[in-house]
2 protein chains.
Amino acid sequence: MQRYAHRHLSLSKTLTFGFISIILVGTILLMLPISTTGGNETSLLTAFFTATSANCITGLTLVNTALHWTFFGKVIIMLLMEVGGLGFMTFTVLLFLFMRRKLALTTQLLTKESLNLNNLSQVSIVRWVISLSLIIQLVGAALLFVDFYPRFGLSKGIGYSIFHAISAFCNAGFDLFGNSLISFRNDPYVLIVISILIIAGSFGFLVWQDLLLYHKTKHLSLHTKLALRTGSVLIILAMIIFFISERNFHFDQSGSFFDRLVNTIFMAITPRTAGFVTVPYNKLSMAGILFTMALMFIGGTPGSTAGGIKTTTVGLLVIQSWATLRGNRDAEFGHRRFTQENIFRALTLVFVALVILGVAIIILTFTETVPKGFGLEYIVFEALAAFGTTGISLGLTAHLTVIGKLIIIALMFIGRVGIYTVMFSILNSEHPAKGYRYPEESVLIG
Amino acid sequence: MQRYAHRHLSLSKTLTFGFISIILVGTILLMLPISTTGGNETSLLTAFFTATSANCITGLTLVNTALHWTFFGKVIIMLLMEVGGLGFMTFTVLLFLFMRRKLALTTQLLTKESLNLNNLSQVSIVRWVISLSLIIQLVGAALLFVDFYPRFGLSKGIGYSIFHAISAFCNAGFDLFGNSLISFRNDPYVLIVISILIIAGSFGFLVWQDLLLYHKTKHLSLHTKLALRTGSVLIILAMIIFFISERNFHFDQSGSFFDRLVNTIFMAITPRTAGFVTVPYNKLSMAGILFTMALMFIGGTPGSTAGGIKTTTVGLLVIQSWATLRGNRDAEFGHRRFTQENIFRALTLVFVALVILGVAIIILTFTETVPKGFGLEYIVFEALAAFGTTGISLGLTAHLTVIGKLIIIALMFIGRVGIYTVMFSILNSEHPAKGYRYPEESVLIG
Ligand SMILES: [K+]
Ligand SMILES: [K+]
């Protein structure tokens, strides 16, 4: 236990301070004169915000990415996204492998069947994760090039294809068109390619592995089953709700029914947590905005490029709550029961996320101004978009005060690196277990 | 375990269906012609809504209590509040005593020291709770009469004193002045008496007992310590925040500094979960509205007349989360550690509350209209006021659609009777434990 805590803490610290270092390097590079186009200036805070947003693959921007940054600046942003997306996936693989070994040594809970990783070494798994990610992004870029070449010509076409394939797979949400994908809303081909890249990125390496090895193993782990089930339920639910709430985009009369269908599907997928938009979110109905917030809070699968509290967390808690309310002893799914530690971790995560968001939002209501026509959602949406690393905006980000920018930067960082990882590092949570324990006592609840 | 589940379920069912029966009787009585003043009419839905609001001591109203109801109608509402407030406290005593016995029998976890109830029989405790409550209300009414007699004369003075003492102690929030306590905002005496009644009611019987027996025992239970600590932290925090956010009521230039101070204190106390107001909530700043929502969600102490997820729940979870993030094994407070079951129950309660509120709010965004000048807070505030049985309103309740009314009724009921109690009853959660258990497996979280 002692040793486990130590190792876990070192990994947490490595990730936290690794990310901070990369962001600082990115900030310096973005502040170089060759990063900014003529006539524009980049303040320290703008560079810091942009580097954080790119490295934490959030996608919130203070300046127009297409116009403000030079080719060099755009390459820096692209590299920050790629390092952020792949770096995090790789780290999760390492942490997972380490935890699995610890579990296998101490409790023998995880069998070969449930993980299918035993025959691969640590290095080969990391290599495998990175190769697979690069291949998917390359195929995505090639598919985008088919559409972008006629539009933008060869060199711009190649650049745009690579940039947006990376941005989509990493769930980053940065774009070079100045208005996200709004000009592609009647181009179902691009939207479908981008959607597939987003979903592929938000799966995470465990799901990918299970899917790719399924022809051999004929087995999916509990993690994969739960992630896929929760993910599809959410997408279907989102489609139904957006179909009703936006009445099939009543505010946009152009486009065929098929185009609108694709836009609705895109709208159900993008809050987990890609951040590309095809419709202006400030024109959505209150129900549409609220449900988007819920989707941003939930996010994607752990160990993927997606943010949020994660689909598995929500799926597990729904199953567990239902079991508790039904008076059942075990929370069961797919002929397995969840471990107590697992449930505990999920519940604590949700509570801590709520506290952090609550404090951030209250500070923002003090420092920021809500424009006419908006209410509380204007601030809450932005905080969730940052914490969930989704990066959609109702408009606040462009008008943030200095304190507001710093809070959004902090939310992006905690949201991406993870509450547990950041807190373990900051609080230096490595304590020798005390030699005594207090007696137990209960309080009344609920 | 089997027997425990059975007994627990019977108690839950008794409470759920007991409350429903009382509400239905109240609805019928309020529909009688002698309940409604001349010129007004009471629809079934209005009577049902009012009876639910009174019995669940929420205080949200569709009609002006002072003008719409006759003396007879007002007495019915008063009785519904008293039965709701005391009935619930009494039930909690019974449930608590039963659980204590079960625990004492099975695990010997609770010692005489930690509860101080062992020397009292079940009946005498219930009698004690009811007597104490009635005495406090009577003293409160007498204190209010000092102010109300000169204002309203003898008979009206007596009636108003009793009605508002009950409404305050039961944290009900009904008033006979037509605009809550706004006309008393420059009358610190009334505000202070009402505040003390609110706090007294929101303590709950365990805290009362500990405090009253302290001269003998020199000991406070963990429950009492945690409830008092969390409660005072919240009130002080609320005062600081409201002082800043409302800049000492900049929108109200009348009144001395002392009056404004009393109003700020009142504003910090009333969301837990009394529902009396001295300032129009729709004039508050966004920060003030948001923090009021947080206070309504938290509410008071379990086993009291207050609603919400309860101070002990929040206090326990803050301590537990901090311990988890610090890497400590135990969540400790006052030289005790909380039981795992206790923490688990608290975490699940918060998650289920969020899911229920989330679903209710999404439906309300579909059915209700947000007026100009407001945003999402207009709907969320009302849902929290109903669920937390606080009963403050930004204005939605008066304009609710039929579906909206039914949802608010459901929220008031679940919020008062309790998520666990209602769900256990509805789902008939009594299952023989299965003879087998599935193997354990973990998923990735966060
Ligand atoms: K994003
Ligand atoms: K109330």
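- Chain A carries the name Trk family potassium uptake protein in an unreviewed UniProt entry, which gives Secundilactobacillus malefermentans as its organism.
- Under the UniProt heading Subcellular location (unreviewed entry), the note attached to chain A is "Cell membrane".

### Quick look at the overall build of chain A
Okay, so step 1: Helix and strand content of chain A: 17 helices and 3 strands.
Okay, so step 2: Sorting the 446 residues of chain A into buried and exposed places 60% on the buried side.
Okay, so step 3: Considering only residue pairs separated by 6 or more positions, chain A has 73% of its internal contacts joining residues 24 or more positions apart.
Okay, so step 4: Of the roughly 17500 Å² of accessible surface on chain A, 68% is carried by carbon and sulfur atoms.

### A closer look at the nonpolar core
The tendency in soluble globular proteins is for nonpolar side chains to be buried side by side.
Okay, so step 1: By size, the foremost hydrophobic cluster in this structure holds 283 residues, and its most contacted members are I419 of chain A together with I419 of chain B.
Okay, so step 2: If sequence neighbours within four positions are ignored, I419 of chain A has contacts with L349, V352, A353, I356, F387 and I414 of chain A together with L325 of chain B.

### Observations concerning empty space enclosed by the protein
Over the atoms rolls a probe the size of a water molecule, and its path tells where empty space is left.
Residues and elements named next belong to chain B.
Okay, so step 1: All chains considered together, the criterion is met by 6 cavities of 30 Å³ or more.
Okay, so step 2: In this structure, the largest cavity is lined by 13 residues; those nearest its centre are G308, K310, G415, G418 and I419.
Okay, so step 3: Counting residues per element, the lining of the largest cavity draws most heavily on helix 16 (residues 402–417), which supplies 4 residues.
Okay, so step 4: Of the residues in the lining of the largest cavity, the class split is 7 nonpolar, 4 polar and 2 charged.

### Describing the packing of aromatic side chains
Okay, so step 1: All told, the structure shown has 24 aromatic pairs over all chains when counted by the stated rule.
Okay, so step 2: Look at F145 of chain A and Y149 of chain A: their rings are 5.3 Å apart centre to centre, the planes differ by 25°, and that puts the pair in the stacked class. Separated by 4 residues within a single helix, F145 of chain A and Y149 of chain A lie in helix 6 (residues 122–152), roughly one turn from each other.
Okay, so step 3: What makes F145 of chain A partly exposed here is its relative accessible area of 24%.
Okay, so step 4: Ring geometry for F148 of chain B against F184 of chain B: centres 5.7 Å apart, planes inclined by 50°, an arrangement best described as tilted. Taken together, the positions of F148 of chain B in helix 6 (residues 122–152) and F184 of chain B in the loop between helix 7 (154–169) and helix 8 (188–203) put the pair 36 residues apart, joining distant regions of the chain.

### A word on a nonpolar patch on the surface
Okay, so step 1: Taken together, the side chains of I135, V139, L143, V146 and Y189 of chain A define a hydrophobic patch exposed on the protein surface, amounting to about 440 Å² of accessible area.
Okay, so step 2: Here the element with the most residues in the nonpolar patch is helix 6 of chain A; it accounts for 4 residues.

### Describing helix 2 (residues 44–55) of chain A
Okay, so step 1: Given a rise of 1.5 Å per residue, 12 residues ought to cover 16 Å, and the 16 Å separating the end C-alpha atoms of helix 2 of chain A matches this to within 8%.
Okay, so step 2: Inspection of helix 2 of chain A places L45, T46, A47, F49, T50, A51, T52, S53, A54 and N55 of chain A among the buried residues, and these make up the whole buried set.

### Describing helix 16 (residues 402–417) of chain A
Residues spaced three or four apart along an α-helix face the same direction, because each turn holds 3.6 residues.
All names here are of chain A.
Okay, so step 1: Counted at 1.5 Å a residue, the expected span for helix 16 with its 16 residues is 22 Å, and the 23 Å between its end C-alpha atoms agrees.
Okay, so step 2: Of all 16 residues making up helix 16, 12 are buried, and the element is well covered by its neighbours.
Okay, so step 3: Every buried residue belonging to helix 16 is among G404, K405, I407, I408, I409, L411, M412, F413, I414, G415, R416 and V417, and all of these are buried.
Okay, so step 4: Just beyond helix 16, the residue with positive phi is G418, at close to 105°.

### Things to note about the environment of F242 of chain B
All names here are of chain B.
Okay, so step 1: Here F242 lies in helix 10 (residues 222–245).
Okay, so step 2: Between the C-alpha atoms of F242 and I289, which are 47 residues apart in sequence, the distance is 9.6 Å.
Okay, so step 3: Sequence-distant contacts of F242, that is, excluding residues within four places in its chain, are made with R247, T264, M267, A268, G288, F291, T292 and L295.

### Remarks on the side chain of T70 of chain A
Okay, so step 1: Within the fold, T70 of chain A resides in the loop between helix 3 (65–68) and helix 4 (71–106).
Okay, so step 2: Other than its neighbours up to four places away in sequence, T70 of chain A contacts I34, S35, T36 and T37 of chain A.

### Brief notes about unusual backbone geometry
Residue and element names in this part refer to chain A.
Okay, so step 1: The backbone phi angle of I57 is positive, close to 40°, even though this residue is not glycine.
Okay, so step 2: For I57, the position within the fold is in the loop between helix 2 and helix 3.
Okay, so step 3: The class for I57 is buried, based on a relative accessible area of 0%.

### Some details on the packing of helix 12 (residues 286–298) of chain A against helix 14 (residues 340–367) of chain B
To describe two helices that pack against each other, one gives the angle between their axes and the distance between the axes.
Okay, so step 1: Two numbers describe how helix 12 of chain A lies on helix 14 of chain B: the axes approach to 8 Å, and their chain directions differ by 160°. Regarding the angle of helix 12 of chain A to helix 14 of chain B, the classification is roughly antiparallel. Considering only the axes of helix 12 of chain A and helix 14 of chain B, their crossing is left-handed. Every residue of helix 14 of chain B that contacts helix 12 of chain A at M286, A287, L290 and F291 of chain A is listed here: I361, I362, T365 and F366 of chain B.

### Quick word on the pattern of salt bridges
Residues and elements named next belong to chain A.
Okay, so step 1: Counted according to the given criterion, the structure contains 4 salt bridges over all chains.
Okay, so step 2: In this structure, R151 and D147 form a salt bridge, with 2.8 Å as the shortest nitrogen-oxygen distance. Residue R151 and its partner D147 are both found in helix 6; the two are separated by 4 residues, about one turn of the helix.
Okay, so step 3: D147 gets classed as buried once you look at its relative accessible area, which sits at 15%.
Okay, so step 4: Via salt bridges that share partners, D147, R151 and D187 belong to a single interconnected network.

### Some points on the side chain of S304 of chain A
Residue and element names in this part refer to chain A.
Okay, so step 1: In this fold, S304 is placed in the loop between helix 12 and helix 13 (311–326).
Okay, so step 2: In terms of polar contacts, S304 uses its side chain to reach the backbone amide nitrogen of A306, at 2.9 Å.
Okay, so step 3: Setting aside its immediate chain neighbours within four residues, S304 contacts F88, M89, G201, S202, F203, G204 and R416.

### Examining the state of the cysteines
Okay, so step 1: Per the counting criterion, the structure on display carries 0 disulfides over all chains.
Okay, so step 2: The thiol of C56 of chain A is unpaired, and the distance to the nearest cysteine sulfur, on C170 of chain A, comes to 13 Å.

### Points about the confidence of the model for chain A
Residues and elements named next belong to chain A.
Okay, so step 1: On average, residues of chain A score 83 in pLDDT, and 86% of them reach the 70 mark or higher.
Okay, so step 2: Across chain A, helix 2 holds the top mean pLDDT of 94, while helix 5 (residues 112–115) sits lowest at 38.
Okay, so step 3: When the criterion is pLDDT under 50, residues 1–5 qualifies, and its contacts beyond four places in sequence or with other chains add up to 6 contacts.
Okay, so step 4: Scored below 50 in pLDDT, residues 106–119 shows 26 contacts in the model against residues more than four places distant or in partner chains.
Okay, so step 5: Two numbers describe this predicted complex: its pTM, 0.86, and its ipTM, 0.83.

### Side note on the environment of V63 of chain B
Residues and elements named next belong to chain B.
Okay, so step 1: By the element assignment, V63 lies in the loop between helix 2 (44–55) and helix 3 (65–68).
Okay, so step 2: Residue class for V63 comes out buried when judged on its relative accessible area of 18%.
Okay, so step 3: With 23 residues separating them in the primary sequence, V63 and N40 have C-alpha atoms 10.0 Å apart.
Okay, so step 4: When residues no more than four places from it in sequence are discounted, the contact partners of V63 are T46, H68 and W69.

Parameters and conventions
Residues numbered from 1 in each chain as written. Chains lettered and ligands numbered in written order. Predicted model: local features only at pLDDT ≥ 70, side-chain atom pairs only at ≥ 80, totals over all residues. Heavy atoms only, no water. UniProt positions renumbered as here; feature names shortened; annotations may be inferred. Helix = DSSP H or I, 4+ residues; strand = E, 2+ residues; numbered from the N terminus. Buried < 20%, exposed > 50% of the residue type's maximum accessible area, 1.4 Å probe, protein only. Contact = heavy atoms within 4.5 Å. Areas by Shrake-Rupley, 256 points an atom, 1.4 Å probe, with all protein chains shown as cover. Core = buried A, V, L, I, M, F, W, Y, C linked by side-chain atoms within 4.5 Å. 1 Å grid on protein atoms, 1.4 Å probe; cavity = no way out; pocket = protein on both sides within 12 Å on 5 of 7 lines; lining within 4 Å. Points joined across faces, edges and corners; volume = space filled by probe spheres on them. Nonpolar A, V, L, I, M, F, W, Y, C, P; charged D, E, K, R; others polar. Phe/Tyr/Trp six-rings, centres within 6.5 Å; stacked < 30°, edge-to-face > 60°. Patch = residues over 30% accessible without salt bridge, like charges linked within 9 Å, V, L, I, M, F, W, Y side chains within 5 Å. Salt bridge = Lys/Arg side-chain N within 4 Å of Asp/Glu carboxyl O. Expected span 1.5 Å × (residues − 1). Axes fitted to C-alpha atoms, helices over the stretch in contact; angles between N-to-C directions. Parallel < 35°, antiparallel > 145°, perpendicular 65-115°, else oblique. Left-handed = near helix turned anticlockwise from the far one by under 90°. Polar contact = N/O pair within 3.5 Å; in protein donor to acceptor, adjacent residues only side chain to side chain. Disulfide = S-S within 2.5 Å. pLDDT = per-residue confidence, 0-100.

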